[in-house]
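Here's the letter readout for the chains.
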Amino acid sequence: MPREPPIVLPVLLPLLRHANPWALLLVKQEGHPLSTAALLSERYALKSNEKPFVKELLERKRNLWVFRCDQRRFAGDFVVVDMAEPRPARRQVVVLDLKMGAPLVLGGGGAGVQLVHAGDAVEGVAARQDVIAPGTPYVLATGDKDVMLAYLGACS
């Protein structure tokens, strides 16, 4: 039986140049066969304003690490970790869901069911070596690309 893909995959600026960076990550980091990885990669595809958002965020805030959430797992769009804090257990974590034209809402309001499994995404990040500790607290946030960039301190 095929194994479930990871709930999060890291987003790196160089990967955003590829048409399908998720298939590359699923093959190289997760060991999925290429044929399976190509199909599974649809779960991480960036839509509408998501690619410009993550590109701007990573270009402007080098201390932030971003992880793309599996869109079929109702865990939000991205998990953002502030790596400026040297201790993984004290790093700030935000799970966000972009909503075009929406104001910033903290606590998950306005996301419907899209953030129901945000905790699973955070634990998926915690399972990666030296990023965050298991049980690290996190903030839920929804809003438009521009208000989210402002919230994360990445305004131009």
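You'll find the structure just up there.
Residues numbered from 1 in each chain as written. Predicted model: local features only at pLDDT ≥ 70, side-chain atom pairs only at ≥ 80, totals over all residues. Heavy atoms only, no water.

Draft legend 1. A look at the nonpolar core. Residues Phe-53, Leu-57, Leu-96 and Leu-152 are the most contacted members of the largest nonpolar core, which totals 27 residues. One finds Met-83, Val-93, Val-122 and Leu-140 within the second-largest nonpolar core, a separate group that totals 20 residues. (Core = buried A, V, L, I, M, F, W, Y, C linked by side-chain atoms within 4.5 Å. Buried < 20%, exposed > 50% of the residue type's maximum accessible area, 1.4 Å probe, protein only.)

Draft legend 2. Representation of the environment of Val-8 within the structure. Checked against the element boundaries, Val-8 lands in strand β1 (residues 8-11). Given the relative accessible area of 2%, Val-8 is considered buried. (Helix = DSSP H or I, 4+ residues; strand = E, 2+ residues; numbered from the N terminus.)

Draft legend 3. Layout of the packing of aromatic side chains. The tally for this structure, following the rule as stated, stands at two aromatic pairs. Ring centres of Trp-22 and Tyr-44 lie 6.3 Å apart, and the angle between their planes is 35°; this geometry places the pair in the tilted category. With Trp-22 in helix α1 (residues 21-28) and Tyr-44 in the loop between α2 (34-40) and α3 (50-60), this pair connects stretches of sequence that are 22 residues apart. You'll find Trp-22 and Tyr-44 in the same group, each marked buried. (Phe/Tyr/Trp six-rings, centres within 6.5 Å; stacked < 30°, edge-to-face > 60°.)

Draft legend 4. Quick peek at the sheet that holds strand β4 (residues 93-98). Read from one edge of the open sheet, six strands run β1-β2-β3-β4-β6-β5, paired in mixed fashion. The outermost strands of the open sheet, each flanked by one partner alone, are β1 and β5 (105-106). The pairing of β5 with strand β6 (residues 139-143) spans two bridges and is classified as antiparallel. Bridged to Leu-106 within β6 is Ala-141. Relative to β1, α1 is tilted by about 115°, and along the sheet it contacts β1 and β2 (64-69). Here α3 sits on the sheet and contacts β1, β2, β3 (78-82) and β4; the angle it forms with β2, its principal contact strand, is near 160°. (Pairing = 2+ DSSP bridges. Contact = heavy atoms within 4.5 Å. Axes fitted to C-alpha atoms, helices over the stretch in contact; angles between N-to-C directions.)

Draft legend 5. Summary view of the environment of Gln-129. Mapped onto the secondary structure, Gln-129 falls in the loop between α4 (118-126) and β6. Accessibility expressed as a relative area gives 68% for Gln-129, which makes it exposed. Residues Gln-129 and Pro-88, 41 residues apart in the sequence, show an inter-C-alpha distance of 9.8 Å.

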